[in-house]
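# Breakdown of the fold
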Amino acid sequence: MWLHKMSYTAMSAVMYAGLGLGGVATGATITPRRQPACTAPPLQGRVVDVSLSEMGSGMMSPGPNPGSHGTRMRLTVTPSSVPAGKVSLRAYNAGVLAHEVVVLPLPAGQTPGRRVTGSDGRVSETGSLGEASRTCGAGAGNGIAPGSTSWTTLTLRPGRYELLCNFPGHYAAGMYAELDVTG
Ligand SMILES: [Cu+2]
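Worth saying up front: this structure is predicted, and the values here are computed from it rather than measured.

## Let's talk about the side chain of Glu162
Tracing the backbone through its elements, the reader meets Glu162 in strand E9 (residues 159-164). In this structure Glu162 touches Val102, Val103, Leu104, Leu106, Gln110, Pro112, Gly113, Arg115, Tyr171, Tyr176 and Ala177, once residues within four positions along its chain are discounted.

In structure tokens form, the structure reads like this:
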């Protein structure tokens, strides 16, 4: 899932306005960029921390079409291996753009980052086991706002999984990582 184009653009505009002001409030209240907007509640099972960001966040302005101008983005998973069973993802957006985390099975022999990207800049979510894409909330939403956390609890069988951000262009820009679930 990802933000509709309108709200996505609007959010970007807000982000750029914030960047232009250097994060200084001028009348309106602007939440300090590096202060987490929220934290996840206690989560069940093994907790996997997922960090979402763009390279050089806060030091450069990503273009209006992130990922299409060579902007590198990243998604990291800690730890990268957990026992089978209940696994909770705690996804923190450390970047300046909205992101999300989608969990897809990774077929044997396939390395992360090799999925085919459609003309919309997204990969197929067929077979998705779940996602964390709700600002300060659980499960599916319209994206995780910068400085916010989203979380979800899944029951995962042994195998390899790929966690990725499916906002247009973000996967191709590097937002994917492998999570291994051991038996
Ligand atoms: Cu993203």
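Anyway, onward from the coordinates.
## As for the packing of aromatic side chains
Ring pairs (aromatic) are described by centroid distance and by the angle formed between their planes. Using the criterion set out here, one finds 1 aromatic pair in the structure. With centroids separated by 5.2 Å and ring planes inclined at 50°, the aromatic side chains of Tyr171 and Tyr176 adopt a geometry described as tilted.

## A short note on unusual backbone geometry
In this model, Thr78 is joined to Pro79 through a cis peptide bond whose omega is -5°. Residue placement: Pro79 occurs in the loop between strand E2 (73-78) and strand E3 (81-83).

## Quick word on the sheet that holds strand E6 (residues 130-132)
Pairing is mixed in the open sheet, where 5 strands are placed in the order E3-E10-E9-E5-E6. Lying at the two open borders of the sheet, with one neighbouring strand each, are E3 and E6. The mean inter-strand angle of the sheet, taken between neighbouring strand axes irrespective of direction, is 30°.

## Here we look at the pattern of salt bridges
It is possible for side chains of opposite charge to pair when their charged atoms get near one another. What the rule picks out here adds up to 4 salt bridges. Across the pair Arg122 and Glu125 runs a salt bridge, and its minimum N-O distance is 3.3 Å. For Glu125, a relative accessible area of 23% gives the class partly exposed. Close ionic contact of Glu178 with Arg160 constitutes a salt bridge, the shortest N to O distance being 2.9 Å. A residue pair is termed long-range when its members are at least 10 positions apart, and Glu178 in strand E10 (residues 176-182) and Arg160 in strand E9 qualify at 18 residues. Residue Arg160 is classed as partly exposed on the basis of its relative accessible area, which comes to 26%.

## Brief notes about the state of the cysteines
All chains considered together, the criterion is met by 1 disulfide. Two residues, Cys38 and Cys136, share a disulfide whose sulfurs are 2.1 Å apart. Sign of the S-S torsion, about -90° for the bond between Cys38 and Cys136, identifies this disulfide as left-handed. Taken as a pair, Cys38 in the loop between helix H1 (5-20) and strand E1 (46-54) and Cys136 in the loop between E6 and strand E7 (137-138) lie far apart in primary sequence, 98 residues in all. The class of Cys38 is buried, set by a relative accessible area of 14%.

## Quick look at the coordination of the copper ion
At this site the copper ion is bound by His99 (ND1), Cys165 (SG), His170 (ND1) and Met175 (SD), with donor distances of 2.0 to 2.6 Å. Coordination geometry of the copper ion: the 4 donor atoms subtend angles of 85 to 136° at the metal centre, consistent with an arrangement described as irregular. The sequence pattern describing where the donors of the copper ion fall on their chain is H-x65-C-x4-H-x4-M. Taken together, the positions of Cys165 in the loop between E9 and E10 and Met175 in the loop between E9 and E10 put the pair 10 residues apart, joining distant regions of the chain. For Cys165, a relative accessible area of 0% translates into the label buried. The exposure class assigned to Met175 is buried, which follows from its relative accessible area of 0%.

Rules behind the numbers
Residues numbered from 1 in each chain as written. Predicted model: local features only at pLDDT ≥ 70, side-chain atom pairs only at ≥ 80, totals over all residues. Heavy atoms only, no water. Helix = DSSP H or I, 4+ residues; strand = E, 2+ residues; numbered from the N terminus. Contact = heavy atoms within 4.5 Å. Phe/Tyr/Trp six-rings, centres within 6.5 Å; stacked < 30°, edge-to-face > 60°. Pairing = 2+ DSSP bridges. Axes fitted to C-alpha atoms, helices over the stretch in contact; angles between N-to-C directions. Salt bridge = Lys/Arg side-chain N within 4 Å of Asp/Glu carboxyl O. Buried < 20%, exposed > 50% of the residue type's maximum accessible area, 1.4 Å probe, protein only. Disulfide = S-S within 2.5 Å. Donors = N, O, S within 2.8 Å, 3.2 Å for Na, K, Ca; no water. Tetrahedral: all angles 85-135°; square planar, octahedral: opposite > 155°, others 65-115°.

Coordinates in, geometry out; function isn't part of it.
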